[in-house]
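# Notes for the structure review
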Amino acid sequence: MLRLSKKADYALMAMKHLAQNSSPSSTSAREIAEQYDIPIELMAKVLQRLVRIGLLASTQGTRGGYTLGRPPASISVADVIEAIDGPFTVTACSTEKNDCEQYSKCSVRDPLWQIRERIAAALGTVTLAEIAAENVSSPVSVSRAAVLHNART
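Below or above, wherever it landed, is the structure these notes cover. (Residues numbered from 1 in each chain as written. Predicted model: local features only at pLDDT ≥ 70, side-chain atom pairs only at ≥ 80, totals over all residues. Heavy atoms only, no water.)

### What to know about the pattern of salt bridges
Per the stated rule, a full pass over the model turns up two salt bridges. Linking Arg-70 and Asp-79 is a salt bridge whose minimum nitrogen-to-oxygen distance equals 3.0 Å. The partly exposed category is assigned to Asp-79, whose relative accessible area is 30%. (Salt bridge = Lys/Arg side-chain N within 4 Å of Asp/Glu carboxyl O. Buried < 20%, exposed > 50% of the residue type's maximum accessible area, 1.4 Å probe, protein only.)

What follows is the structure, given as structure tokens:
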């Protein structure tokens, strides 16, 4: 089963929250954490990682907080997930190390890598702006459309 980590879920929730916040002022980690019942310490760590990658900008001080580092239309779901969890993988041998005993005999490695590329491409086609829009299509239909599009190319 393919699943996002809790940290990636929280990152996407925070990014959507910030994208929907029409105010030019920044939002605190505490405000986001309280809005979604997420532990403040965990939310702060997630937001700090997003700042290091450049997806968020932070300001210090009493009125400090977080804002998007780029326009929502230029941030993909894949950008956020990879910022938190690292490169997307579907198999243990998805890394370059190739230290699997079955590596040379594996008959599913290449097809699984192709599936990984299709999933990553689909996640890369969905933007934060789309997620933040009030009239978002169901995630299943967006993902299916992206996967079908990428399968044809």
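Once the structure has been displayed, the description carries forward.
### Section: the pairing of strand β1 (residues 56-59)
Where β1 meets strand β2 (residues 65-68), four bridges bridge the pair, whose relative direction is antiparallel. By the bridge assignment for β2, Leu-56 is matched with Leu-68. The turn linking β1 back onto β2 is made up of five residues, and Gly-61 within it adopts a positive phi angle of 105°. (Pairing = 2+ DSSP bridges. Helix = DSSP H or I, 4+ residues; strand = E, 2+ residues; numbered from the N terminus.)

### Describing the nonpolar core
In terms of nonpolar packing, the biggest core is built from 28 residues, with Met-15, Met-43, Leu-47, Leu-50, Leu-56 and Val-80 touching the most fellow members. Within the residue set of this core, elements represented by two or more residues are α1 (6-20), α2 (29-36), α3 (40-53), β2 and α4 (77-85). Top element by residues in this core is α1. It accounts for seven residues. If sequence neighbours within four positions are ignored, Leu-56 has contacts with Met-15, Leu-18, Leu-47, Leu-50, Val-51, Tyr-66, Thr-67, Leu-68 and Gly-69. (Core = buried A, V, L, I, M, F, W, Y, C linked by side-chain atoms within 4.5 Å. Contact = heavy atoms within 4.5 Å.)

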